Every structure is written in C-alpha cells, then in structure tokens.
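Chain and residue survey
Listed below, chain by chain, are the residues.
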Amino acid sequence: MHIPHLHDWAVTPREAIALQKQLAGQLVLDRPLDLSAIRHVAGVDVSVREGLSRAAVVVLSFPDLQVVETVLADAPTPFPYVPGLLTFREGPVLEEAFARLKTEPDALIFDGAGCAHPRGIGVASHMGLWLGRPSVGCAKTRLTGWSAGPGPLQGEAAALLARPPTSAEPSPPCIGAVLRTRANVAPVYVSPGHLIDQASAVALVSACLSRFRLPEPVRAAHRAAALTAASQPKLSGV
DNA sequence: GCGACAG
DNA sequence: ATCTTGTCGC
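Residues numbered from 1 in each chain as written. Chains lettered and ligands numbered in written order. Predicted model: local features only at pLDDT ≥ 70, side-chain atom pairs only at ≥ 80, totals over all residues. Heavy atoms only, no water.

Describing the packing of aromatic side chains
Within the structure shown, the criterion is met by 4 aromatic pairs. Summarising the aromatic geometry, the rings of W9 and F88 are spaced 5.8 Å apart at their centres and angled 75 degrees between planes, so their arrangement reads as edge-to-face. A residue pair is termed long-range when its members are at least 10 positions apart, and W9 in the segment before α1 (13–24) and F88 in helix α2 (residues 87–99) qualify at 79 residues. No difference in accessibility class separates W9 from F88, as the two residues are buried. Feature note: the residues W9, F79, F88 and W130 constitute an aromatic cluster, connected by ring pairs. A cation over a ring is seen here: R219 above F212, with NZ or CZ 3.5 Å from the ring centre. (Phe/Tyr/Trp six-rings, centres within 6.5 Å; stacked < 30°, edge-to-face > 60°. Helix = DSSP H or I, 4+ residues; strand = E, 2+ residues; numbered from the N terminus. Buried < 20%, exposed > 50% of the residue type's maximum accessible area, 1.4 Å probe, protein only. Lys NZ or Arg CZ within 6 Å of the ring centre and 35° of its normal.)

Quick word on the sheet that holds strand β1 (residues 40–49)
Pairing is mixed in the open sheet, where 8 strands are placed in the order β3-β2-β1-β4-β5-β8-β7-β6. Of all strands in the sheet, those bounded by a partner on one side alone are β3 (67–76) and β6 (157–161). Adjacent strand axes in the sheet meet at a mean angle of 25 degrees, parallel and antiparallel pairs treated alike. Strand direction decides the pairing type here: strand β4 (residues 107–110) and strand β5 (residues 135–139), joined by 3 bridges, are parallel. What sits directly across from L108, in β5, is S135. Sheet strands touched by helix α3 (residues 123–131): β4, β5 and β8 (188–194). Its angle to β8, the strand with the most contacts, is close to 25 degrees. Contacting β1, β4, β5, β7 (174–179) and β8, helix α4 (residues 198–207) runs over the sheet at an angle of about 20 degrees to β7. (Pairing = 2+ DSSP bridges. Axes fitted to C-alpha atoms, helices over the stretch in contact; angles between N-to-C directions. Contact = heavy atoms within 4.5 Å.)

The structure is reproduced here in structure tokens:
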C-alpha cells in the first residue's frame, strides 16, 4: 500500500517525544467504524531477536477471519526499548512491511497501545496516522491509565481512565477499555488508534475473537513474525 | 527522591 | 520482546 513519509524515524528520544506531542493533535478518535462495511482486518506485530526486528502484517477476511495475505520485513533494530517510544523501534520495519502489502485492509489491530499512552499516541495511533487507516491498539499489559478491572466473564469490559479518580477529579478522561476476552483470563487493553472511536475499537476486537485471549489478526501476526531457527532469513542467496 | 513502565 | 522445563487443564 502507498505510504506518505510523515517524518524521519532516525531521531533522538527527546525529538521523538516532541514529534509525538505534535502528531497527537492530528488523531481522530471520535469516528464510529461501521463493522458491516469491513471486509479485511490486518493484525500487526514485530518480534526482536539479537538485534534483528521482523515485522508481520497479516490480513484476514472479515467477519470470517481467514488469512488472505501475509507480508514480512526484516531490519536491524534501530532503537532501544523505551516505554512510550516503542513506535521509534518498530516504525521503520513496519513501514517496510506495509509497503509490501497488496491488500488494502479496512482496519488494523496492533499488538501495543493506541491512544492509551503517556502522550496519547502509542504505536497503533502513530502508524494509523502514517497509513491513514482506522487502527486499534490491543496490548497485553497496561502502559498507562487506571481501571477498576472488568468482571471475570468473557466479554466484560471496564473503562481505562487517564488517571485514578480523586475527589478533585471524579471522572478522569477515558482513554480505552480493559476487555476480558476469555473468562478468568488476564484482560487485554484496547484503545482507539486513529480514525475510530472507543466503542468501535472494542467492537472490532470483540468481533475478531475465537477461543483465545488475543484477537485472531494479532495472533496470526505474532506467529508470522516469530524469529525461530527455521525461519531465519538465509544470509546468502544466489 | 520513589515507583511505573506497550514490546 | 527474549531467556527457558515442566506442568496443570480442557
């Protein structure tokens, strides 16, 4: 798919933070997404091993969730892991993977945060901006925010607030949802990335669940990105 | 100063 | 994320 160059990835941590503050203002987080119009959903993930990053974007048909396209991209890991700056570690290789994608997914689900981020722009939001497509963040653990925790039943959800409630601020801004994708199993942290609102983000992730904790698109991407001995790229080709 | 901290 | 054996449960 075509990808406009929004900015340079090779920046210092302080420049990265300045970029995030600037880009956060461009996010559209109040737009409902009509799931009945969705034909393809992509799962996105990156694995890292010994300085090599492998990105995977797997497109599934929707709502039947069958894999229709898988693209991979390898590149040296350019940035250390710094909480809040994950996009600058995964962005370059993700951009390359998306450039190889032929199918135009109607929505993207990332293994990471959307707007539930210290500056409101996690990897799902940031890449959603680069790609100009509806995106959702589905993280396995919390980066920021507070929640009372969802009930134990499958499908239960609780609001993820920017900060814990206080007497001075009874209802802090809602930045996402903590969703119980399987009964009595650790919940996932869902937050809209770009061009989608929270309700639609939760609805999309919910519609992509099968019998596992993570939505199918993310599971497929996670497996595709896995850096195992058998999937190491050959160093010499002819 | 101390604790928290996506992948 | 990755390093790692066995083990509990459907």
